[in-house]
Amino acid sequence: MTPTGPWRRTAAGAGLLRADGTTAPTIFAEMSALAARSGAINLGQGFPDEDGPVEVLTAAHEAIAAGLNQYPPGRGVPDLLHAIARHQHRFYGMAVDPETEVLVTAGATEALAASILALTEPGDEVVVFEPFYDAYAGLVALAGARLVPVPLRWPDFRPDPDDLRKAVGDRTRVIIINDPHNPTGTTFDRETRELLIELAHRHDAFLLTDEVYEHLTFEKPHTPIASMPGGRERTVTVSSGGKTFNTTGWKVGWLTAPPEVVTAILTVKQFLTYVNASPFQPAIARGLDLGEEVFDGIARELEARRDILVGGLRTAGFDVSVPDGSYFVVADARPLGFADARELCLALPRLAGVVAVPVSAFVGETNRSDYASLVRFAFCKRRPVLDAAASGLRRLAG
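The rules behind each value
Residues numbered from 1 in each chain as written. Predicted model: local features only at pLDDT ≥ 70, side-chain atom pairs only at ≥ 80, totals over all residues. Heavy atoms only, no water. Helix = DSSP H or I, 4+ residues; strand = E, 2+ residues; numbered from the N terminus. Rg over C-alpha atoms; globule rule 2.2 N^0.38 Å. Buried < 20%, exposed > 50% of the residue type's maximum accessible area, 1.4 Å probe, protein only. UniProt positions renumbered as here; feature names shortened; annotations may be inferred. Domains from an automatic or database assignment. Contact = heavy atoms within 4.5 Å. Buried area = accessible area lost by both parts, 1.4 Å probe. Salt bridge = Lys/Arg side-chain N within 4 Å of Asp/Glu carboxyl O. Polar contact = N/O pair within 3.5 Å; in protein donor to acceptor, adjacent residues only side chain to side chain. Pairing = 2+ DSSP bridges. Axes fitted to C-alpha atoms, helices over the stretch in contact; angles between N-to-C directions. Parallel < 35°, antiparallel > 145°, perpendicular 65-115°, else oblique. Left-handed = near helix turned anticlockwise from the far one by under 90°. Nonpolar A, V, L, I, M, F, W, Y, C, P; charged D, E, K, R; others polar. Phe/Tyr/Trp six-rings, centres within 6.5 Å; stacked < 30°, edge-to-face > 60°. 1 Å grid on protein atoms, 1.4 Å probe; cavity = no way out; pocket = protein on both sides within 12 Å on 5 of 7 lines; lining within 4 Å. Points joined across faces, edges and corners; volume = space filled by probe spheres on them.

1. Re the overall build of the chain
Then step 1. Scanning the chain for helices and strands turns up 13 helices and 13 strands.
Then step 2. In summary, the chain has a C-alpha radius of gyration of 21 Å against a globular reference of 21 Å for 398 residues, a match within 12%.
Then step 3. In terms of overall dimensions, the chain has C-alpha extents of about 60 × 50 × 45 Å along its principal axes.
Then step 4. Every one of the 398 residues in the chain was classed for burial, and the buried ones make up 58%.

Spelled out as C-alpha cells, the structure:
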C-alpha cells in the first residue's frame, strides 16, 4: 500500500521516500552493504572499530550491576548533569546550572530534533552550512520549516560572510552550526562565530550548535559559540559522549541552553524517547571527569590516524582538504579522472579494496553539482586498518 497523508509529504520533502512510496536507503546503509558484500575496508560510515577508555566501560558495568537499569529522571541522572556542568566550566570557562540549563538526550540527534521541533513553526527558515549531516534536512522537514543552505566551498570550506548575510533574514528562526564540521572537517574562525552571533541578535534567531567533535580537533582547541560575548543567550549547545569516548552505540547526548529554552525543548523531548541509557549516563559522567591528558591523547591519536589516510590519498593522486577536526577527510577525485564521486565510490572496492561516500549525499539538489567529484573518507579506525586502506588506495596511482 502506498503511504499517504501529511507525514508522507513531509518525509518525501526530506528525501526519505521515493516517488513510488518505498523507503530510500541512506548512503551510509548503501555503502556499508557494499563493504560487507565486497569485503572492502569500510571508510564510509563514521564509527570507531575499537572501544574507548576502560574507565568509561568499567563504569557502565558497575552501573548495570548496581541495578541502574530502569527509567532515569527526565532531565538525566544527576551525576551526568553535574559532570556536563563541570565539563563546560573546565574546558570553556562557562558556568552552567546543572539543574536548569542541562538536558540529557538520546544522542546528539535527539537533542537536535527536539530543539528544532521546539524552536520552529511551519514556514520558519532554518539556515544550515552545506554540505551538512544528512539528519538536518530530515529534521527540518519534519518540523515543517524550510532549509536555507550556505555553501562551504572546496578546498578550505570556509563560509563566505556575504553568503551568510544573504541567507539569514527575519524569517530565520534557527541557524545550525556543526563545528567541527561533518563531512568537511573544517572549524569556523572567530570572525565567522562573531558574525553568527551578530546575525542571531539582529534577526531574533537561535544558534543551534552541533559540537559532537569538540574534543577531536588537531591544530587548535574548540571554542563554543556560547562561550563568546553575546552568544550564550541565543545558543543551544549540543554534544555527546559517543565520538569522544568511542561509544557511539550508547546514544548519550546532551544540550545546554538558558533555562526557559531547556524547558521548551524538554516539553518536546518527553514525547520522543522520554528517557534513555540509564546505566550509560553515569559512565559518560565518569568519562567527562577524566584528566585532560586523556582528552589530549584521544585527539593526538586521531590526528596521527588522519595523517596516515591523508598520505595514502595524496599518493593515490587525490587532491586533499586536510581537516581541522572530526572523523573525516574530503578528497577530490578529478585528478584521477572521476568527475562523479558516486561512480568512483561504487568502483573503489574493486580498485582499492576501500569504501567511501560521495559528498553529494550531504548536499541538497540545488548545489549538488558543485560537490560532484568530492569523496568523504573516515579515519576513525585502528592504525593497521588505515595502513591497509592507504596501501589499497595507492594502487589507484598505477
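Past the structure itself, the notes keep going.
2. Some points on the UniProt feature "domain: Aminotransferase class I/classII large" (unreviewed entry) in the chain
Then step 1. Using the residue numbers shown here, the UniProt feature "domain: Aminotransferase class I/classII large" (unreviewed entry) corresponds to residues 41-363.
Then step 2. Helix makes up 39% of residues 41-363 and strand 17%, and the two end C-alpha atoms of the span are 25 Å apart.

3. Considering the domain arrangement of the chain
Then step 1. When its domains are assigned, the chain resolves into domain 1 (6-51 + 294-395) and domain 2 (55-291).
Then step 2. Averaged C-alpha coordinates put domain 1 and domain 2 at centres separated by 23 Å.
Then step 3. With 40 residues of domain 1 in contact, the opposing surface of domain 2 contributes 43 residues.
Then step 4. Both sides together, the interface formed by domain 1 and domain 2 hides about 3,300 Å², and carbon and sulfur atoms give 63% of it.
Then step 5. Arg-158 serves as the salt-bridge partner of Asp-324, at 3.0 Å between the closest nitrogen and oxygen.
Then step 6. At the boundary of domain 1 with domain 2, the tally comes to 19 residue pairs in polar contact (both at pLDDT 80 or more).
Then step 7. Where the side of domain 1 that touches domain 2 is concerned, the elements lending two or more residues are helix H1 (6-13), helix H11 (292-316), strand E9 (319-321), strand E10 (328-332) and strand E13 (374-378).

4. A short note on the sheet that holds strand E2 (residues 102-106)
Then step 1. As summarised here, the arrangement of the 7 strands in space is E2-E8-E7-E6-E5-E3-E4, forming an open sheet in which the pairing is mixed. In this open sheet, the two strands that pair with only one neighbour each are E2 and strand E4 (146-151). Pairs of neighbouring strands in the sheet enclose a mean axial angle of 25°, with direction left out of account.
Then step 2. Each of E2, strand E7 (235-240) and strand E8 (252-256) is contacted by helix H4 (residues 78-92), which is oriented at about 115° to E2, the strand it contacts most.
Then step 3. With respect to the sheet, helix H10 (residues 280-288) is in contact with E2 and E8, its orientation differing from that of E8 by roughly 65°.

5. Quick word on the packing of H4 against H10
Then step 1. H10 packs onto H4 with a crossing angle of 20° between their chain directions and a minimal axis gap of 8 Å. Relative to H10, the element H4 lies roughly parallel. The hand of the H4/H10 crossing is left-handed. When H4 is examined against H10, the residues Asp-79, Leu-80, Ala-83, Ile-84, His-87 and Arg-90 are found in contact with a partner set consisting of Gln-281, Ile-284, Ala-285 and Leu-288.
Then step 2. For the contact of H4 with H10, the per-class residue count stands at 6 nonpolar, 2 polar and 2 charged.

6. Some points on the sheet that holds strand E12 (residues 357-358)
Then step 1. Spatial strand order, E9-E10-E13-E12: 4 strands in an open sheet with antiparallel pairing. Two strands in the sheet have a free side with no partner beyond their single neighbour: E9 and E12.
Then step 2. Sheet topology note: the E12/E13 ladder contains 2 bridges and is antiparallel. Among the inter-strand pairings, Val-357 is bridged to a residue of E13, identified as Arg-376.
Then step 3. Across the sheet, helix H12 (residues 341-352) is in contact with E12 and E13; its angle to E13 comes to roughly 40°.

7. So, the packing of aromatic side chains
Then step 1. Throughout the structure, instances matching the rule amount to 14 aromatic pairs.
Then step 2. Considering the side-chain rings of Phe-129 and Phe-188, the 4.8 Å spacing of their centres and the 55° angle between planes classify their relative orientation as tilted. Placement of Phe-129 in strand E3 (residues 125-130) and of Phe-188 in the loop between strand E5 (172-178) and helix H8 (190-203) is noted, with a sequence separation of 59 residues between them.
Then step 3. Following the ring pairs from residue to residue traces out a cluster consisting of Phe-91, Tyr-92, Phe-245 and Phe-295.

8. Some points on the layout of surface pockets
The gaps left among the atoms become clear once a water-sized probe is rolled over them.
Then step 1. One number sums up the size of the second largest pocket: a volume of about 510 Å³.
Then step 2. In terms of lining, the second largest pocket is formed by 25 residues, of which the most central are Gly-46, Tyr-133, Tyr-213, Lys-243 and Lys-251.
Then step 3. Ranked by residues supplied to the lining of the second largest pocket, first place goes to helix H5 (residues 107-119) with 4 residues.
Then step 4. Residue composition of the lining of the second largest pocket, grouped by class: 10 nonpolar, 10 polar and 5 charged.
Then step 5. Counting the residues that make up the lining of the second largest pocket, at least three belong to each of domain 1 (6-51 + 294-395) and domain 2 (55-291).

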